[in-house]
Amino acid sequence: MRFIINNDMININDVQNCMEDMKRKELLQKHPYKIWQGKDGEWYTKLIEGDGTKKLRHRKTLKALEDVIIEHIRKIEDCPTIEKIFYEWMNVRLERGEIEKSTYSRYERDFISQRQKQGSGML
């Protein structure tokens, strides 16, 4: 590899750009909503806001809209929900054999029950 780089057979900038394009495509694949071009020539899609509502977003170019989508997805991934953390933690414990499936199910029921109480204002 070092020989190839030293003899200019691979351009590091091209490799970096290729990696960035791959990451961009990977993030865009996580976007669950349709992207379309309106009659006005602008590009549209929907994004889920922090309160769970869908909001229509639009930009003049497809690339600009994709940039908004990618920024939104990165923000979500950088700030996970309690539910996401709970399930990641529980799955790791289950995989390591620290807990049994029955314990996992009991903890999950308790977690869901507490979330429902919070949603109804009981806590």
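In this text, all values refer to a predicted model and were calculated from it rather than measured experimentally.

1. Topic: the overall build of the chain
Assigned secondary structure in the chain consists of five helices and three strands. Mapped in sequence order, the helices and strands of the chain form the string α-α-β-β-β-α-α-α. Burial statistics for the chain: of 123 residues in total, 20% are counted as buried. Considering only intrachain contacts with a sequence separation of at least 6, the fraction spanning at least 24 residues in the chain is 28%. Here the chain has roughly 9,900 Å² of accessible surface; of this, 53% comes from carbon and sulfur atoms.

2. Digging into the nonpolar core
L27, L28, W43, L47, L65, V68, I69, I70 and I73 together form the largest nonpolar core, which totals nine residues. Listed by contribution, the elements that provide at least two residues to this core are α2 (12–29), β2 (43–48) and α3 (62–78). The greatest single-element share of this core, amounting to five residues, is contributed by α3. Not counting residues up to four positions away in its chain, the partners in contact with V68 are L47, R57 and R59.

3. Things to note about the pattern of salt bridges
Counting across every chain of the model gives eight salt bridges. Between R24 and D67 there is a salt bridge, and its shortest N-O distance comes to 2.8 Å. With R24 in helix α2 and D67 in helix α3, the pair connects residues that are 43 residues apart, well separated along the chain. With relative accessibility at 31%, the residue D67 sits in the partly exposed group.

4. Observations regarding the packing of aromatic side chains
Following the criterion strictly, the structure yields four aromatic pairs and no others. Between F86 and Y87 the ring centres are 5.1 Å apart and the planes differ by 80 degrees, which places this aromatic pair in the edge-to-face class. Side by side, F86 and Y87 carry an identical accessibility label, which is buried. Look at F86 and F111: their rings are 4.1 Å apart centre to centre, the planes differ by 5 degrees, and that puts the pair in the stacked class. With F86 in helix α4 (residues 82–96) and F111 in helix α5 (residues 101–119), this pair connects stretches of sequence that are 25 residues apart. The same class applies to F86 as to F111, namely buried.

5. Here we look at the packing of α4 against α5
Viewed as axis vectors pointing N to C, α4 and α5 meet at an angle of 170 degrees, and their least axial separation amounts to 10 Å. Between α4 and α5, the angle falls in the class roughly antiparallel. Contact residues: I82, E83, F86, Y87, M90, N91, R93 and L94 in α4; K101, Y104, Y107, E108, F111, I112 and R115 in α5. Across the contact of α4 with α5, the residue classes break down as nine nonpolar, one polar and five charged.

6. Brief notes about the pairing of strand β3 (residues 54–59)
The side chains of a regular strand alternate, residue by residue, between the two faces of the sheet. Relative to β3, β2 runs antiparallel, the two sharing six bridges. Counted as the bridge partner of I48 is K54 from β3. Once β2 ends, the chain turns through five residues before running back antiparallel as β3, passing G52 with a positive phi of about 90 degrees.

7. Some points on the pairing of β2
Sheet analysis places strand β1 (residues 36–37) next to β2, joined by two bridges and oriented antiparallel. Looking at the pairing, Q37 lines up with W43 of β2. In textbook terms, the turn of a hairpin is the stretch between consecutive antiparallel strands, and for β1 and β2 this stretch comprises five residues, one of which, G41, has a positive phi near 90 degrees.

How each quantity is defined
Residues numbered from 1 in each chain as written. Predicted model: local features only at pLDDT ≥ 70, side-chain atom pairs only at ≥ 80, totals over all residues. Heavy atoms only, no water. Helix = DSSP H or I, 4+ residues; strand = E, 2+ residues; numbered from the N terminus. Buried < 20%, exposed > 50% of the residue type's maximum accessible area, 1.4 Å probe, protein only. Contact = heavy atoms within 4.5 Å. Areas by Shrake-Rupley, 256 points an atom, 1.4 Å probe, with all protein chains shown as cover. Core = buried A, V, L, I, M, F, W, Y, C linked by side-chain atoms within 4.5 Å. Salt bridge = Lys/Arg side-chain N within 4 Å of Asp/Glu carboxyl O. Phe/Tyr/Trp six-rings, centres within 6.5 Å; stacked < 30°, edge-to-face > 60°. Axes fitted to C-alpha atoms, helices over the stretch in contact; angles between N-to-C directions. Parallel < 35°, antiparallel > 145°, perpendicular 65-115°, else oblique. Nonpolar A, V, L, I, M, F, W, Y, C, P; charged D, E, K, R; others polar. Pairing = 2+ DSSP bridges.

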